[in-house]
Amino acid sequence: MKFSEVIGQKDAQVRLLQLVHEGRLPHAIMLCGPSGRGKLALALAFASYLLGERDEEGYSVLSSPEAIVNAETMLQNWEHPDLHFTFPIIKPSNVSSDHKMICDDFGKEWRSLLKDSVYFSMDQWLERMKAANQQAMIFEAESDELTRKLSLMSSQGGYKISIIWLPERMNITCANKLLKLLEEPPRQTLFIMVCEEPEQLLETIRSRVQRIDVKRIDDENIEQALMERRGIGKMDAHQIARTVNGNWLKALEMLDAGSENKLFFDLFKGFMRLTYMRNVKELKKWCDNVAGFGREKQRRLLSYFSRMVRENFMMNFHLPELNYMSGEEEEFSKNFARFINEANVIEIEELIVKARRDIAQNANSKIVFFDLSLKMIVLLIKK
């Protein structure tokens, strides 16, 4: 995969290549930023470059034409023996309790998803694994398997590269074992972590990696990609790019008339109306409905709530360039925005963040959302 296939992110690409050309490439890099910015695509393009795929000018780190063709053939199917993937997985109900889950158990599904697109969400990955309401995580056995793989010599004589997608989902035992690998990395090994919530990682891990914050994708790049990759007209592409605030996955969602974003908007609108009316009985029904979602979907819903709180607060400044909402969201916010103000915005945001953290830690979702509802009733009347 070439850097030209990555949507935007030219600054990050330049920085990564500078580390190589100046001989300053560390043994561990962590690409950080919210979902939808193309961090995994960036990691895959960088790994492909280091393993010998030719760049846009035809340059390769390998000198032998045969070796270059061989590397590109293996990378086409993401089956290069020196490229190792670690990612969150589930433990299917039909698997024996004695079996220790590792990522290779879902290797076929992972490579299949990568071949379809290197831009995907956790929800799409869970669907590919046929998960029910399970939360995906990286189990302890994976760190042992990764240690075993990286202890071997490079099969092609170059780098051994470990791409870890969402390392914040490692359980604590796995994280501690990974820390030992980072403290004493095997020879010619590069770790590339793709992280959305770095604060969830051990501080000792964060201190041993070089962090690169991946910025939002420029509107122009999203607009161009929508026209070239999805055949969208210029006006529609411009409107979508303006709305999604640098998130390519959100741009793709907006192309789907029945997108999750529409569901979340309806839930947000209903929730805020019920809390303002102090309709506890209907709020209880609302909470019971949302409790039926899987935990990943509940976390995404709360992230959407957080975004809408921010957008409504900013709307009070009457500066359209600061807002990133769809037409439907903006229409609702014209009347609702005044209820999100300087007196309550911080507390509301902290309340949503806490609820999201509780859901991630397997708290009872009915209790979490009902608690959120009752406290929101109090906060919305603050002025």
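Here the structure is shown first, and the text comes after it.
Worth saying up front: this structure is predicted, and the values here are computed from it rather than measured.

About the criteria used
Residues numbered from 1 in each chain as written. Predicted model: local features only at pLDDT ≥ 70, side-chain atom pairs only at ≥ 80, totals over all residues. Heavy atoms only, no water. Core = buried A, V, L, I, M, F, W, Y, C linked by side-chain atoms within 4.5 Å. Buried < 20%, exposed > 50% of the residue type's maximum accessible area, 1.4 Å probe, protein only. Helix = DSSP H or I, 4+ residues; strand = E, 2+ residues; numbered from the N terminus. Contact = heavy atoms within 4.5 Å. Axes fitted to C-alpha atoms, helices over the stretch in contact; angles between N-to-C directions. Parallel < 35°, antiparallel > 145°, perpendicular 65-115°, else oblique. Left-handed = near helix turned anticlockwise from the far one by under 90°. Nonpolar A, V, L, I, M, F, W, Y, C, P; charged D, E, K, R; others polar.

Draft legend 1. Structural context of the nonpolar core. Counting 63 residues, the largest nonpolar core has Trp-125, Ile-163 and Trp-165 as the members making the most contacts within it. Of all the elements, helix H2 (residues 39-50) adds the most residues to this core, at 10 residues. Once residues lying within four places of it in the same chain are set aside, the contact partners of Trp-165 are Leu-40, Thr-86, Phe-87, Pro-88, Trp-110, Phe-120, Met-122, Trp-125, Ile-138 and Val-194. In this structure, Leu-301, Phe-313, Ala-355 and Leu-372 belong to the second largest nonpolar core, which totals 40 residues.

Draft legend 2. Geometry of unusual backbone geometry. Residues other than glycine seldom take positive phi values, yet Lys-130 does so here, at roughly 60°. Structurally, Lys-130 can be placed in the loop between helix H5 (122-128) and helix H6 (140-150). For Lys-130, a relative accessible area of 72% corresponds to the exposed category. Phi is positive for His-318, close to 55°, though the residue is something other than glycine. In this fold, His-318 is placed in the loop between helix H14 (295-315) and helix H15 (327-336). Taking the relative accessible area as the measure of exposure, His-318 reaches 67% and is therefore exposed.

Draft legend 3. Structural context of the packing of H6 against helix H7 (residues 172-183). Across the interface, H6 lies against H7 with an axial gap of 7 Å and an inter-helix angle of 20°. Accordingly, the angle class assigned to the pair H6 and H7 is roughly parallel. Read as a crossing pair, H6 and H7 show a hand that is right-handed. Across the interface between the two elements, Glu-140, Ser-143, Asp-144, Leu-146, Thr-147 and Leu-150 from H6 touch Thr-173, Cys-174, Lys-177, Leu-178 and Leu-181 from H7. Its residues placed into classes, the contact of H6 with H7 shows five nonpolar, three polar and three charged.

Draft legend 4. The environment of Gly-23, seen in detail. Locating Gly-23 in the fold gives a position in the loop between helix H1 (10-21) and strand E1 (28-32). With a relative accessible area of 66%, Gly-23 lands in the exposed category.

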